[in-house]
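# Breakdown of the fold
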Amino acid sequence: MKKRGPVCLLIAVFLTSCCATADDLTYVSEFYSKVPQKLSRYSWYGNVRLLLFKVPQDTVFVRWLFTGSRGAGATCANTTVTVHIRAGAPPVINPLETQFSENAAFSLAHNFTLMLGSAGPNMTFFNLTNPAVGDWFIAAHLPKDDGKIEPKGFSSSCSYFFQPQMFVRRVIDMPVLEPGVPLQQTVSSPDKPAVLKVFIPAYTAELSLRLSGCRTENSTADSCPLVLTLGSAALTRSSPKTVNCSGQAECPARLHTPPWESWVRITVESLNSNLSTSFQITAALTAGCKPKSGGLFSDFLSKFSSVNGTGLFSNATSNATLLVDNATALVQPQADSLLNSAPSGDSCLRSQPVFREDVDVVSVRFALINGPNISISSQDPTLISLNLNSGADSGGTLVLDLRLNQTSLTHVNATVVVCVSPGSPVLTLNESQSCTTAFTQGYSLRMNGTSPEAALHIPFPETALWYLTLHTVCPAHASECGKVSGTVLASSLLSACVNDCGTYGECRLLRSYGYLYAACTCKAGQRGWSCTDASEAQSYARQMLAALLLTLSNLMFIPPIVVAVYRYYIVEASVYLFTMFFSTFYHACDQPGVTVMCIMDYDTLQYCDFLGSVSSIWVTILCMARVKDIFKYMLFMLGTLVIAMSMQLDRRGMWNMLGPCLCAGLAMIAAWIYRGVQRRQCYPTTWKRWVFFLLPGIVSAVVGISLYVFAQTDENYLYTHSAWHILVASSVVFLLPPREKHKKPWGWSQEAICGYQICKNEREELYTVP
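Below is a short write-up of the structure. (Residues numbered from 1 in each chain as written. Predicted model: local features only at pLDDT ≥ 70, side-chain atom pairs only at ≥ 80, totals over all residues. Heavy atoms only, no water.)

### Let's talk about the state of the cysteines
Under the criterion given, the structure shown has seven disulfides. There is a disulfide in this structure between Cys501 and Cys520, and the S-S distance comes to 1.9 Å. Between Cys501 and Cys520, the disulfide has an S-S torsion of -85° and is therefore left-handed. Separated by 19 residues along the polypeptide, Cys501 in the loop between β29 (485-495) and β30 (505-512) and Cys520 in strand β31 (residues 515-522) bring together distant segments of the chain. Under the relative-accessibility criterion, Cys501 is labelled buried at 1%. The disulfide that involves Cys522 links it to Cys531, with 2.0 Å between the sulfurs. Disulfide Cys522-Cys531: the torsion about the S-S bond is -95°, which places it as left-handed. Among the residues examined, Cys522 registers a relative accessible area of 24% and is labelled partly exposed. The buried category is assigned to Cys531, whose relative accessible area is 7%. (Disulfide = S-S within 2.5 Å. Helix = DSSP H or I, 4+ residues; strand = E, 2+ residues; numbered from the N terminus. Buried < 20%, exposed > 50% of the residue type's maximum accessible area, 1.4 Å probe, protein only.)

### Details of the sheet that holds strand β14 (residues 226-230)
Sheet strands line up and pair through hydrogen bonds in the backbone, either parallel or antiparallel. As summarised here, the arrangement of the four strands in space is β12-β17-β14-β15, forming an open sheet in which the pairing is antiparallel. Edge positions in the sheet fall to β12 (194-200) and β15 (241-244), since each of these pairs with one other strand and no more. With strand direction ignored, the average angle separating the axes of adjacent strands in the sheet is 20°. Across four bridges, β14 lies against β15 in antiparallel orientation. The residue bridging Val227 from the neighbouring strand is Asn244, located in β15. (Pairing = 2+ DSSP bridges. Axes fitted to C-alpha atoms, helices over the stretch in contact; angles between N-to-C directions.)

### Notes on the nonpolar core
Ranked by size, the top nonpolar core spans 46 residues in total, and within it Tyr576, Trp618, Met657 and Leu736 carry the most contacts. Ranked by residues supplied to this core, first place goes to helix α7 (residues 602-625) with 14 residues. Discounting chain neighbours no more than four positions away, the residues touching Leu736 are Pro560, Val563, Ala564, Arg567, Tyr569, Tyr576, Cys623 and Arg689. (Core = buried A, V, L, I, M, F, W, Y, C linked by side-chain atoms within 4.5 Å. Contact = heavy atoms within 4.5 Å.)

### Topic: the packing of helix α6 (residues 570-589) against α7
The geometry of α6 relative to α7 is characterised by a closest axis approach of 8 Å and an angle of 150° between their N-to-C directions. Taken together, α6 and α7 sit at an angle that is classed as roughly antiparallel. You can see that α6 and α7 cross each other, and the crossing is left-handed. Grouping the amino acids of the contact of α6 with α7 by side-chain chemistry returns 13 nonpolar, nine polar and two charged. (Parallel < 35°, antiparallel > 145°, perpendicular 65-115°, else oblique. Left-handed = near helix turned anticlockwise from the far one by under 90°. Nonpolar A, V, L, I, M, F, W, Y, C, P; charged D, E, K, R; others polar.)

### Focus on the packing of helix α10 (residues 687-711) against helix α11 (residues 717-735)
The interhelical angle for the contact between α10 and α11, taken along N-to-C directions, is 155°, at an axis separation of 8 Å. Between α10 and α11, the interaxial angle falls into the category roughly antiparallel. You can see that α10 and α11 cross each other, and the crossing is left-handed. Per-class residue counts for the contact of α10 with α11 are 16 nonpolar, seven polar and one charged.

### Here's the deal with a nonpolar patch on the surface
Together, Leu548, Leu552, Leu555, Ile558 and Val562 make up a nonpolar patch on the protein surface, roughly 430 Å² of accessible area in all. Counting only elements with at least two residues in the nonpolar patch, the list comes to α4 (540-552) and α5 (558-566). (Patch = residues over 30% accessible without salt bridge, like charges linked within 9 Å, V, L, I, M, F, W, Y side chains within 5 Å. Areas by Shrake-Rupley, 256 points an atom, 1.4 Å probe, with all protein chains shown as cover. Salt bridge = Lys/Arg side-chain N within 4 Å of Asp/Glu carboxyl O.)

### A word on the packing of aromatic side chains
Applying the stated criterion across every chain yields a total of 27 aromatic pairs. Between Phe460 and Trp529, the ring centres sit 5.2 Å apart and the planes meet at 80°, which makes this aromatic pair edge-to-face. Within this pair, whereas Phe460 is found in the loop between β27 (453-459) and β28 (464-473), its partner Trp529 is found in the loop between β31 and α4, the two being separated by 69 residues in sequence. For Trp529, a relative accessible area of 17% gives the class buried. Seen in terms of ring centroids, Tyr515 and Tyr517 are 5.9 Å apart; in terms of plane orientation they differ by 20°. Their pairing is stacked. Taken as a pair, Tyr515 and Tyr517 share a single burial class, namely buried. Following the ring pairs from residue to residue traces out a cluster consisting of Tyr45, Phe100, Phe106, Phe137, Phe460, Tyr515, Tyr517 and Trp529. The side chain of Arg63 reaches across the aromatic face of Phe125, ending 5.3 Å from its centre. Its guanidinium or amino end placed over the ring of Trp263, Lys197 lies 4.5 Å from that ring's centre, counting from NZ or CZ. (Phe/Tyr/Trp six-rings, centres within 6.5 Å; stacked < 30°, edge-to-face > 60°. Lys NZ or Arg CZ within 6 Å of the ring centre and 35° of its normal.)

These results come straight from atomic positions and should not be treated as a statement about function.
Printed below as a string of structure tokens:
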């Protein structure tokens, strides 16, 4: 019943405030919701709760309801939730205000904050008219992580939750505006707009719209009191275009390089309240220069019978190189025809076919069929398309590397202008024109004789067909420039992380429901999207200090091993040796950067380190209980097996350590009470044992556990965790009980071999403690 409250509130508020429907349009409503998500403090992108909504086709209004809540309790303080929203790809965010890499090209996503106080759940609405169709991503997180390291299950932090819900209003009979066919429409008020759509084919250079024949109710004026909006809202680098037609008898509007192979939304709103305005709208498409087509049965298909004499698939082969060569042979003639037959003109272009190869999850390699060299000219731009229409493509980073062959330029002062844009290409490039299409601001690059290299890294690229346009231009002051040509070496790929996050980072694949994306987690003080921000990086000396402290501090287990062997506790000494060995090499492997050394798999080292640490506590306390050997070794084995199982389930859980400590402690106390009752005196019997051994050992252990549980942070980890090693190892030296009085070396006091019979030593008193 509690979950219906936000949904009912969302419906009620929308029905009372949404735009009323036009008489000739049919609106339907749809609702979407996600389960509440537990939020985390932000330290890297993996702490973000990423949620995906799909806005249906012909949606004219969307409303999100964001609900934030917190758990009950004294530890729950007021805080804020930061919400980021973006269309087409996950939001690019920078809560820590770190530096991106030099070649990164991005725009931060739209964001706002929710206040979470003691008054109950906080609800915030976010409205958007004419939203972009397709994927919308919402990311939420708490403020910056304080760096405190707390064992799982022992944290005093509060739980905060975030739940998004979406309500859409869409038209099921939206009129389609055909090019060259006038369409009569009527709008009666700002609350009843006219909504249309027009399809943009590929290679369209311009979309022209014209509003004419405006007639307003109770008015004889010929002006059009209308506002024309083209495009959809995406909250990114793209934005819709608005034209105010007030005071004009005819209202023209033009879109240069509109998005290809997609629908463009057209919304016409009235400036007059309660007055109907009729108008006629006409669309016209201007086609750009298309690559020459060889027809259905061209030389491209004829090559099927000429490859290797009998065809591509007639002789099956497992040689992958041969298959690639065959494919290149098939496409090469068609690619050459596209390059060589492009007609001249300002809007003409050269197009090169691209081979897309899916390498792995969020990993795609693009290769030009003609080879990596791109021929460029000052007469016609060269166009390359990169298909990123797959849903998982938006979860990586688009990497472009370009290098100009300086010797190939026919003019020394020429410049190669490059534009990268999604949806549609920039068909004309020069010194003054920016890399801008109808709705999108692209990314521009320049190369010349003095700066021949250029690179571009686009994190989380939008799901679209991306275009790379290259054109050679001459400076305005250059005379007799003429036709300039050159060659550019291009490399393009979609990578999960740039350079695998570098030396001090780790690329991790993340999942939100069925959507996969990648992000970097940084070490050694490195920060940033690709771990390239070294403003707070640890020096090599500090890294070496951390490695030495965390590894060499385990040598403090040598005294407990020596004491255990001296007192004939061989099993206990073996456990301490196991703990010292794996703790040393686990921390050697756990170091970031260049001070790391792994002798085996990291997960194996970590598991053995945790298992040895808890087992050492278990066997030490049971040894202090001084029970019979048969029961002691049975408890040793049984406890170690249970600890191993619990470590496999959750090795970072605090109860994996507290559980064995409490159980062994209860067994020890019960044994001590039993002996004290039998002997009618306090056990252990001597005050020296309490003052010089038990109390120092207990204090050392308590201080070490307190440091481990409460004091560890990212900054002081090398000091506090090293102190934990030293204190726990020192406590074992004090807490191990003395050698049993009647026990012979290496445990031969229990039973002696007399001929062929095992003779029991009747003089031994198992519970005698000096």
